[in-house]
Amino acid sequence: MGSRVVSSAKIRASRCSSWKHTGCGIRQQRRAPRGSRTCLCTGAPAARRQRAATAHVSGPSNPEKWNPGGAETRTPGRARGPRAAQPGSLVWSCRARPARRSQARPLPAGTRPPRARPRQPPAPQAAARPRLPAAAAAERPSRPSRPGARRPRGGRAGRGGAALRGGEARIRPPAGRGGRDGNAGTSSGGGRPRGGALPAGVAAMRAAWVLLAALAALAAYYVYLPLPGTVSDPWKLMLLDATFRAVQQACHLIHYLRLSHHLIVLNYLICTFDKLKSVSSEDINITDTVFDGVEVRVFEPPAQPDGRLKRSVVYIHGGGWALASARTSLYNNLCRIMAESLNAVIVSVEYRLVPEVCFPEQFHDALRATKHFLQPDILAEYSVDPSRIAISGDSAGGNLAAAVCQQLSKDEHLTIRPKLQALIYPVLQAFDFNTPSYQQNMNMPVLPRYVMINYWIDYFNGNYDVAHSLLINNHTALDVGQALSFRGHLNWTSLLPSSFKKNYKPVIQTTGKAEIVQEIPALLDVRAVPLLAENETLQLQPKTYILTCENDVLRDDGVMYAKRLENAGVEVTLDHFDDCFHGCMIFTIWPTDFSAGIQTRNSYIKWLDENL
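Residues numbered from 1 in each chain as written. Predicted model: local features only at pLDDT ≥ 70, side-chain atom pairs only at ≥ 80, totals over all residues. Heavy atoms only, no water.

Engineer: Requested: an account of the pairing of strand S8 (residues 285–291), with residues and values cited.
Structural biologist: Of the pairings in the sheet, the one linking S8 to strand S9 (residues 294–300) comprises seven bridges and is antiparallel in character. Within S9, the position partnered with Val-290 by the bridge is Glu-295. Hairpin geometry of S8 and S9 is characterised by an intervening segment of two residues between the two adjacent antiparallel strands and by a positive phi of about 55° at Asp-292. (Pairing = 2+ DSSP bridges. Helix = DSSP H or I, 4+ residues; strand = E, 2+ residues; numbered from the N terminus.)

Here you go:
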């Protein structure tokens, strides 16, 4: 290796750290291995970096400009003496250039010196590329070839080499060592990796945001349902329905795994998470007792100061004959408010549920509890006026209330009978699952058509395989002899007003499956389907109040029953709500508080107060 030639007064040399020197301003990622002939800061191979020291130091055309007369040069480790730079000696410097001296010129007389401008700091530049004079580049000897080496194309050096443009040499730093690499290099400052790659933390954060957006989209797709514009609180109803569907699907999964019956799990979850705050009332006395082997909850208002007897309502809760309880906060609060508003004794029947028992046990429980309460001594115990008793229920409870009221009206030995019956969106028939309301509201929240069919199957302890046949009315086809006698009782084309029929058509099968009725005879039992009762039974019914909702598959059940009672000579009040849905009357407290619930509850209690 040649000697280093340094001018002590004229030269400022930045020496490369890869050759165990100091002063190089470029940060290196690794040191060159021993015996390497490549400068890591410039990337120029040693064989291609050979140039005359005087040419590099003094300039391309006048080697005596900065060292006139062969001035003394200083070589570390050697004796001093006049010595000229030898051709072929090496100067390893990435930024070596002569120092400049500014010379002040005298100003003409009477001339004011120009105002000095503040010096602006130079703009930061990334990895400056030093340029060599053209003469120095021309005097460089060619790089010796070695086996396996690739020659640069088009005048450009290979990786880490120098490109010749216009007579000058541009030195490029090696890729991956503080410079730029188009493939996988990284910047020396530890910033974003080259080639489009991101740091691990940024990539993980972006992936988390993408996953969150995907989950939000799936949740919105699961929650959203197209609802009619007249439905009150649509988004709250969507959330309620999505929650109920999710819980139902989880219970069906447990049922599929044969861990437990899905209705048992569902009812357990409803009762467990039913921790809503009840409406407080210190004036109502609540007691749990047993009427003829049936559990009941009695709500008693304070006694009348003048000793007058009180009114009373026997209430049967809903829930598809399988869910809810008289002790849940939803029905507990409803009965409290009824007792306060009417100043009446409310008897809430706690009948047994599916799958513990099936039809007709629920009917028998409700009938026994009601007949026990109608005994004169029991009425006297609770200070109830025998002539002012009503029987009421919602949904499946409305079904039981209508069936019990029909049975009581036919009991000749019973001396005390209900004065009124109030049915809240009752389910009254399993004969036709394609009435206009079933077709219109087949996918309506809370109670879709397929869910109602499954409730019927569970109530009758049937097989889910017949669900599709029930859906298309195969069990009441024209060739099913058992159903022919009931067809006239359920002809909705004549029982429904035109505003409810709209453009829907009856679904009547020519040929069906008579074995369905043979396996499940309760499908045509009037104790389970009160709408199929004979006109002689309907004539004995008391004054009736029926509440229906437009967005409910059971809407037409209540409307047809009201029409049949009216045809039988019974005074009927049909209270229809266009913006309400099934089950809304019990949803009156947070977080399931709906304006439709308060509206229907107030209307129901007002009718009882005026007629009981």
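Engineer: Give me the lowdown on the packing of helix H6 (residues 329–342) against helix H19 (residues 595–611), citing residues and values where you can.
Structural biologist: One way to put it is that H6 packs onto H19 with a least axis distance of 10 Å and a crossing angle of 40°. Classed by the angle they form, the pair H6 and H19 counts as oblique. Of the two possible hands of crossing, H6 and H19 adopt the one that is right-handed. Across the interface between the two elements, Leu-334, Ile-337, Met-338, Ser-341 and Leu-342 from H6 touch Arg-601, Tyr-604, Ile-605, Leu-608 and Asp-609 from H19. Looking at the contact of H6 with H19 residue by residue, the class counts come to seven nonpolar, one polar and two charged. (Axes fitted to C-alpha atoms, helices over the stretch in contact; angles between N-to-C directions. Parallel < 35°, antiparallel > 145°, perpendicular 65-115°, else oblique. Left-handed = near helix turned anticlockwise from the far one by under 90°. Contact = heavy atoms within 4.5 Å. Nonpolar A, V, L, I, M, F, W, Y, C, P; charged D, E, K, R; others polar.)

Engineer: Explain the side chain of Thr-476 residue by residue, including any values.
Structural biologist: Along the chain, Thr-476 turns up in the loop between helix H12 (467–471) and helix H13 (481–484). Overall, the relative accessible area of 4% leaves Thr-476 in the buried class. In this structure the side chain of Thr-476 is engaged in a polar contact, spanning 3.2 Å, whose partner is the backbone oxygen of Phe-431. Leave out the neighbours within four places in its chain, and Thr-476 touches Phe-431, Ala-483 and Arg-487. (Buried < 20%, exposed > 50% of the residue type's maximum accessible area, 1.4 Å probe, protein only. Polar contact = N/O pair within 3.5 Å; in protein donor to acceptor, adjacent residues only side chain to side chain.)

Engineer: Please set out helix H5 (residues 262–272) residue by residue, giving values where relevant.
Structural biologist: Those residues of H5 that fall on the buried side of the exposure criterion are His-262, Leu-263, Val-265, Leu-266 and Asn-267. On its buried face, H5 sits against helix H4 (234–256) and helix H11 (449–459).

Engineer: Could you give an account of the packing of aromatic side chains, naming the residues involved and the relevant values?
Structural biologist: Applying the stated criterion across every chain, the model contains 17 aromatic pairs. Between Tyr-224 and Trp-235, the aromatic rings sit 6.1 Å apart at their centres with planes inclined by 45°, giving tilted as the arrangement. With a gap of 11 residues between them, Tyr-224 in the loop between helix H3 (200–223) and H4 and Trp-235 in helix H4 connect regions that are remote in the sequence. Through pairs of rings, three or more aromatic residues link up here, namely Trp-321, Phe-359, Trp-456, Tyr-459 and Phe-460. In this arrangement the basic side chain of Lys-236 is found over the ring face of Phe-594, its NZ or CZ atom lying 5.7 Å from the centre. Looking at Arg-555, its charged tip hangs above the ring of Phe-500, at a distance of 4.5 Å from the centre. (Phe/Tyr/Trp six-rings, centres within 6.5 Å; stacked < 30°, edge-to-face > 60°. Lys NZ or Arg CZ within 6 Å of the ring centre and 35° of its normal.)

Engineer: Go over the nonpolar core with me, naming the residues and quoting the values.
Structural biologist: Trp-321, Trp-456 and Tyr-459 are the most contacted members of the largest nonpolar core, which has 92 residues in total. No other element matches the eight residues that helix H9 (residues 396–409) contributes to this core. Counting 46 residues, the second largest nonpolar core, distinct from the first, contains Cys-335, Met-338, Ile-346 and Ala-596. (Core = buried A, V, L, I, M, F, W, Y, C linked by side-chain atoms within 4.5 Å.)

Engineer: Describe H6, naming the residues involved and giving the relevant values.
Structural biologist: Helical geometry: 3.6 residues make up each α-helical turn, so side chains three or four residues apart lie on a common side. Taking 1.5 Å per residue as the helical rise, H6 with its 14 residues ought to reach 20 Å, and the 20 Å between its terminal C-alpha atoms agrees with that figure. Across the 14 residues of H6, 12 count as buried, placing the element largely inside the fold. Listing the buried residues of H6 in full gives Ser-329, Leu-330, Tyr-331, Asn-332, Asn-333, Leu-334, Cys-335, Arg-336, Ile-337, Met-338, Ala-339 and Leu-342. Buried positions along H6 lie against S8, S9, strand S10 (310–316), strand S11 (344–350), strand S12 (384–394) and H19. Of the residues flanking the end of H6, it is Asn-343, one or two places downstream, whose phi is positive at about 50°. (Expected span 1.5 Å × (residues − 1).)

Any functional reading would require information that these geometric values do not contain.
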